[in-house]
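Coordinates in review
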Amino acid sequence: MTSHIPPFNQSPTLIPKPEPLSDSDPQAPIPPSSIFNFNTTVEAPLEPNLLCREFNNVAETFRSAFAQRLKRHEDVTVLDSLTGAIVPVQEEEEPVPISYSLNDPSPSLVTRKPKPQERSSELVRITDVGPEGERQFREVVRKTRMIYDSLRIFLILDEMHEEFGMARRRGRPDSKAASMMKERFLWLNRDKRIVGSIPGVQVGDIFFFRLELCVMGLHGQTQAGIDYLIGSRSSNGEPIATSVIVSGGYEDDDDQGDVIIYTGHGGQDKLGRQAEHQKLEGGNLAMERSMYYGIEVRVIRGFKYENSVSSKVYVYDGLFRIVDSWFDVGKSGFGVFKFRLERIEGQVEMGTSVLKFAKTLKTNPMSVRPSGYISFDISNRKENAPVYLFNDIDNDQEPLYYEYLANTSFPRGILFQQSDNASGCNCINGCSSGCLCEMKNGGEFAYDYNGNLIRLRPLIHECGPACKCPPTCRNRVTQKGLRSRLEVFRSVETGWGVRSLDILHAGAFICEYVGVALTREQANILTMNGDTLVYPARFSSARWKAWGDLSQVFPDYEPPSYPQIPPVDFAMDVSKMRNVACYISHSTDSNVIVQLVLHDHNNLMFPRVMLFAAENIPPMTELSLDYGVSDEWSPKLAICD
DNA sequence: GGACGCTCATATAC
DNA sequence: CGTATATGAGCGTC
């Protein structure tokens, strides 16, 4: 039993309907007259035609209304005579960010609390950023996510530290991190309301908290499912929806992937049960108006995922169009608004589809990929988790021909040269602040309580055989081996590659880079025979040096200083024995980083080479490592010169 | 501008 | 383990 939404209380003839958007090209070329040039925070040395951050207005409606705004306010003027671009004049006073101190992250001591940065009402669509622009926006997004996560983890550790003795309620580090960043003006896209995709955020990107979506500008509501620009601040007085979260909060939702029947909000009681009729107001009205104007919405899906960080992840699934809306009787018997969302074509596969696919691959791989498997575990049970070998493009089976080595083997005799095995901790209940092993790590453990790397450092000393702490000690991570399901696969672009079937949270341990370690002298001899050697010293993690740097949040932040270690001067022979890491592709834009770790011996000259996720990596995304070789030189291994 | 209410969060207790 | 409850942040509304 359905009935149509009553006509909107305004004459449609006064509202010019925008050109219908093409399905194949959701971001049609911008007419020059509609190019707006805004000041943004991104300093981008782009090519001239890409230089201006070009935002085109959403529709004819808003374009004309913008002119009215010009008259109403005097903070906008046409400045650029060449392009006719409209450039907003800077705010009269630059707001002063709140000051935090590392020792007291609470803002209570701050005398003057600046007013929070208001949400803009400027509705724009950002188009034609170009590959170089996209790369730079991506970098900004990546950096911001890094700060958010580092700050969140810092707050957790800080709280743990304080909690000794007193049973204080745990706060919400996810929300605390977000508000601190907001006060420091570190939220992205606050100076505009973006319709369509957010520059630097890609379909398939995974987030762990609702507030993280707020920080990115993907979705500004902390709980509400529909985000929209309110009518009173919109240029034509009508609300416009910009994004929705599909998270299973309404029983009348029907999520079929590319088509979603989305329920409007309202009418629920405190327990989330539908107890009243919904009304055509707020987000519901905005959805209806977005449908009328053909304006696309971003869709973010909540996805149940057993995870050490949270029990749920949020996946950006791309742009959808609202094609229908009606008033319906829900399962509860109360009236609800429903919106039919259809995914705009021409976008990459949805992140949630990939998540579901990867999940099936872990439990029932043949059901979704009946052919192509060469092995269901090339490690032959030497790893904790099976390592798949998959090739559906040619007959190459190369990885089968190497003996699988789960850990690097070091030359006999070198391991105990500096042996003073007495140096272990006595933490029978697991290491905690102030213990010997924390001291060995420069007074700060390298991992958080989920076993994620907090920041890069020259060397990590994990607890070892001489320590009395249990295997669950937070200072034992890489020694416990694989934590995620990996797959070696064949691709046209990169040859052999590696991907994970699990989500890899930034800082998650992936695997050791394994080979037969050789001293410099041994390596020199072998090289003459033309063997393939990997030099750990060449691996580059330069791009991730700033990881964990909170100086933008705490002005007095100083990166911790760690004792220097002698340069790594050994090679690894992977010509006969190797592990999964050997198949990771090279990229200067890598998503995997190298961290040296000691755990089973203490010879500083021969640390183990451990690989960690440098950022949140969705399942099925190819892993890459910067081998420190030039780009045109494509082979994966750094061969000795 | 400020108080209030609403919301497809989140953590914890039972 | 699901469910109930407590504590919320941000934003829209009035």
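Residues numbered from 1 in each chain as written. Chains lettered and ligands numbered in written order. Predicted model: local features only at pLDDT ≥ 70, side-chain atom pairs only at ≥ 80, totals over all residues. Heavy atoms only, no water.

1. Considering the environment of G346
Mapped onto the elements, G346 comes out in the loop between β15 (335-343) and α7 (351-363). As a C-alpha pair, G346 and A542 span 196 residues in sequence and 35 Å in three-dimensional space. (Helix = DSSP H or I, 4+ residues; strand = E, 2+ residues; numbered from the N terminus.)

2. Side note on the layout of surface pockets
Rolled over the atoms, a probe sized like a water molecule indicates the empty space that remains. Looking at the second largest pocket, its volume works out to about 1,300 Å³. Lining the second largest pocket are 50 residues, and of these R138, V201, Q202, V203 and D205 lie nearest its centre. At the level of elements, α3 (130-162), β14 (312-329) and α7 are the ones that each hand at least two residues to the lining of the second largest pocket. Ranked by residue count, the leading element in the lining of the second largest pocket is α3, at nine residues. Here the residues of the lining of the second largest pocket sort into 24 nonpolar, 14 polar and 12 charged. (1 Å grid on protein atoms, 1.4 Å probe; cavity = no way out; pocket = protein on both sides within 12 Å on 5 of 7 lines; lining within 4 Å. Points joined across faces, edges and corners; volume = space filled by probe spheres on them. Nonpolar A, V, L, I, M, F, W, Y, C, P; charged D, E, K, R; others polar.)

3. Here we look at the sheet that holds strand β24 (residues 533-534)
Across the sheet, which stays open at both edges, the three strands sit in the order β23-β25-β24 with antiparallel pairing between neighbours. Since the sheet does not close on itself, it has two edges, and those belong to β23 (516-518) and β24, each with one partner. Two strands pair when backbone bridges link them, and β23 and strand β25 (residues 571-573) are joined in this way by three bridges, in the antiparallel orientation. The residue of β25 that forms the bridge with V516 is D573. (Pairing = 2+ DSSP bridges.)

4. Focus on the state of the cysteines
For the coordinates displayed, the defined rule picks out zero disulfides. With no disulfide of its own, C511 lies closest to C582 among cysteine sulfurs, the gap being 10 Å. The buried category is assigned to C511, whose relative accessible area is 2%. (Disulfide = S-S within 2.5 Å. Buried < 20%, exposed > 50% of the residue type's maximum accessible area, 1.4 Å probe, protein only.)

5. Notes on the protein's contact with DNA strand C
Within the structure, DNA strand C sits among 14 residues, and R190, T222, Q223, Y228 and I230 are positioned closest to it. Here the atoms of DNA strand C within 4 Å of the protein split so that 76% fall in sugar or phosphate, with bases taking the remainder. Note that a base nitrogen of DNA strand C is positioned 2.6 Å from one of the side-chain N or O atoms of T222. One of the side-chain nitrogen or oxygen atoms of Y228 is found 3.1 Å away from a sugar or linking oxygen of DNA strand C. It is helix α4 (residues 173-183) that provides the largest number of residues to the surface near DNA strand C, a total of three residues. Among the residues making up the surface near DNA strand C, the classes are represented as three nonpolar, seven polar and four charged. (Near = heavy atom within 4 Å. Polar contact = N/O pair within 3.5 Å; in protein donor to acceptor, adjacent residues only side chain to side chain.)

6. Description of helix α6 (residues 282-293)
For α6, spanning 12 residues, the distance from its first C-alpha to its last is 17 Å, which sits close to the expected 16 Å at 1.5 Å a residue. For α6, the set of buried residues is G283, N284, L285, A286, M287, E288, R289, S290, Y292 and Y293. Once α6 ends, the next one or two residues include G294, with phi positive near 70 degrees. (Expected span 1.5 Å × (residues − 1).)

7. With respect to the protein's contact with DNA strand B
Around DNA strand B sit 22 residues in total, of which Q223, G248, G249, Y250 and Y314 are the nearest. Backbone atoms, meaning sugar and phosphate, make up 57% of the atoms of DNA strand B lying within 4 Å of the protein. Note that a base nitrogen of DNA strand B is positioned 2.8 Å from one of the side-chain N or O atoms of D253. Taking K312, its side chain carries an N or O atom lying 3.4 Å from a phosphate oxygen of DNA strand B. Only β10 (240-246), β12 (259-263) and β14 provide two or more residues apiece to the surface near DNA strand B. Here the surface near DNA strand B is composed, by residue class, of seven nonpolar, nine polar and six charged.

8. Focus: the pattern of salt bridges
Evaluation of the coordinates by the stated rule reveals 34 salt bridges. A salt bridge links E615 to R142; the nearest nitrogen and oxygen atoms lie 3.0 Å apart. Of the two residues, E615 sits in the loop between β29 (608-613) and β30 (624-625) while R142 sits in helix α3, which places them 473 residues apart along the sequence. Owing to a relative accessible area of 17%, E615 belongs among the buried residues under this scheme. Since its relative accessible area comes to 10%, R142 is described here as buried. The salt bridge partner of E398 is R578, with a shortest N-O separation of 3.9 Å. On the criterion of sequence distance, the pair formed by E398 in the loop between β17 (387-390) and β18 (403-404) and R578 in strand β26 (residues 577-578) is long-range, its members being 180 residues apart. (Salt bridge = Lys/Arg side-chain N within 4 Å of Asp/Glu carboxyl O.)

9. Observations concerning the packing of α3 against α4
Between α3 and α4, whose axes approach to 8 Å, the crossing angle comes to 125 degrees. Here α3 is positioned oblique relative to α4, judged by the angle of their axes. For the element pair α3 and α4, the recorded crossing hand is right-handed. When α3 is examined against α4, the residues T144, I147, Y148, L151, R152, L155 and I156 are found in contact with a partner set consisting of P173, D174, K176, A177, A178, M180 and M181. In terms of residue class, the contact of α3 with α4 is built from 10 nonpolar, one polar and three charged. (Axes fitted to C-alpha atoms, helices over the stretch in contact; angles between N-to-C directions. Parallel < 35°, antiparallel > 145°, perpendicular 65-115°, else oblique. Left-handed = near helix turned anticlockwise from the far one by under 90°. Contact = heavy atoms within 4.5 Å.)

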